[in-house]
Amino acid sequence: MADALGTDADTLERMLLVLTAFGVLRRRSEGRYEMPGEMRPYLDRNDDQYVGGFVDHLVSETSTQINRLAAYLEHGKTAVDEQLPAPFEFLYRDEQAPAEFMAAMWSLSFAPSKELAELARLNEVKSLIDVGGASGPFAVAALLRSPTPSATVFDLPLVERFVAESRHTYDLADRLDFVPGDFFADELPGGDCIALGYVLSDWTDRTCANLLAKAYRACHGHGRTHSRQQPHRLRWGFRPNGSAPA
Ligand SMILES: C[S@@+](CC[C@H](N)C(=O)[O-])C[C@H]1O[C@@H](n2cnc3c(N)ncnc32)[C@H](O)[C@@H]1O
């Protein structure tokens, strides 16, 4: 395998052992490994569930944060990072960076979004607003998996071209819209359902409270009351011991 890949055999073997320890591979015998069938979708570039885009993002964009971990624990992340550029100034710092971030978000979100779109019971939703929706992993999943007629991604202006690509790829000409804006400065576009995916985890509680107040104002009829029903379990995701997803 090392010859075929042009890699160092010893280092490759160590990596394969680590992957085996994590349950990504199985070791059949000395020098022989196999990939369990349930792992393939996550590692196949052509599969919707491919996680490589997000792994690339973790390696290239977040690995240096580990050097600041002790300071984060001591003083808090917000205080330590105060002197650094704002997160999205850094993530969108040049021509190439936004495309990589969009690929990472797609890779992180599209597969679970398809399940979420079903669990969220969007059947009566006529207009979905995906706030900070990136290239549209949730909005597209919702349009593909529910009768929701239209979805609007609300995001920073530079994201528009990526939503246009998704619109084209998934043939959603009149159903997937984009509204440029800044969710700190602007009110959110109105709709029957306001989605926030991996957005609240980026900001402080105070900022999130403001954002949620905007979402409440933007949601027609201020949303619906959640009915009590059996909690759903997502099929997506690994269990810690690497066994098949529930
Ligand atoms: C972590 S990503 C989440 C992407 C997507 N919702 C998902 O689930 O994959 C955060 C998104 O928020 C957007 N964003 C960041 N700051 C924003 C702002 N001030 N106004 C509008 N969108 C913003 C980013 O461009 C990015 O698409």
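Residues numbered from 1 in each chain as written. Predicted model: local features only at pLDDT ≥ 70, side-chain atom pairs only at ≥ 80, totals over all residues. Heavy atoms only, no water.

## Structural notes on the domain arrangement of the protein chain
Rule in force here: These domain limits were set by an automatic method or by a database of domain assignments.
By domain assignment, the protein chain separates into domain 1 (1-35) and domain 2 (62-222). Summarising the inter-unit geometry, the C-alpha centres of domain 1 and domain 2 are found 37 Å apart.

## A short note on the nonpolar core
Note the following rule: Nonpolar core, defined: a set of buried Ala, Val, Leu, Ile, Met, Phe, Trp, Tyr and Cys residues in which side-chain atoms within 4.5 Å join the residues together. Remark: exposure states derive from per-residue accessible area (1.4 Å probe, protein chains only) relative to the maximum for the residue type, with buried under 20%, exposed over 50%, and partly exposed in between. What counts as a helix is a DSSP run of H or I of at least four residues, what counts as a strand is a run of E of at least two, and both are numbered from the N terminus. Contacts between residues were defined by any pair of non-hydrogen atoms, one from each residue, lying within 4.5 Å.
Tyr-92, Phe-101, Met-102, Leu-128 and Leu-176 are the most contacted members of the largest nonpolar core, which totals 31 residues. Within the residue set of this core, elements represented by two or more residues are α7 (87-91), α8 (97-119), α9 (137-145), β4 (150-155), α10 (160-169), β5 (176-180) and β6 (193-196). A total of 8 residues in this core trace back to one element, the largest contributor, which is α8. Here Met-102 is in contact with Tyr-92, Ala-134, Ser-135, Val-159 and Phe-162, once residues within four sequence places are set aside.

## Looking at a negative patch on the surface
Threshold: A residue counts toward a patch only above 30% relative accessible area and without a salt bridge, and it is joined to like-charged neighbours within 9 Å or, for Val, Leu, Ile, Met, Phe, Trp and Tyr, to nonpolar neighbours within 5 Å. Only the protein chains shown count as covering a residue, and every accessible area follows the Shrake-Rupley method with a 1.4 Å probe. Salt bridges are counted wherever a side-chain nitrogen of Lys or Arg sits within 4 Å of a carboxyl oxygen of Asp or Glu. Charged-residue counts in this description rest on Lys and Arg as positive and Asp and Glu as negative, His and the chain ends being excluded. A single reference atom marks each charge: NZ on Lys, CZ on Arg, CG on Asp, CD on Glu.
Negative charge collects at one region of the surface, where Asp-56, Asp-94, Glu-95 and Glu-100 lie side by side. The topology assignment puts Asp-94 in the loop between α7 and α8. We classify Asp-94 as partly exposed; its relative accessible area is 41%.

## Regarding the site of the ligand
What counts is decided by this rule: Whether a residue is near a molecule or strand is decided by its heavy atoms; if any one of them lies within 4 Å of it, the residue is near. Polar contact is the term for a pair of N or O atoms within 3.5 Å; when the atoms are in protein, one must be able to donate a hydrogen and the other to accept it, and sequence-neighboring residues count only if both atoms are side-chain atoms. Any residue outside Ala, Val, Leu, Ile, Met, Phe, Trp, Tyr, Cys, Pro, Asp, Glu, Lys and Arg is labelled polar, Gly included; the first ten of those are nonpolar and the last four are charged.
Tyr-92, Ser-109, Gly-132, Asp-155 and Gly-197 are the nearest of the 19 residues found near the ligand. At 2.9 Å from a nitrogen atom of the ligand is found a side-chain nitrogen or oxygen belonging to Asp-182. One of the backbone nitrogen or oxygen atoms of Gly-197 is found 2.8 Å away from a nitrogen atom of the ligand. When the ligand is considered free in solution it has 600 Å² of accessible area, and contact with the protein chains removes 96% of it. Looking at the shell around the ligand residue by residue, the class counts come to 11 nonpolar, 5 polar and 3 charged.

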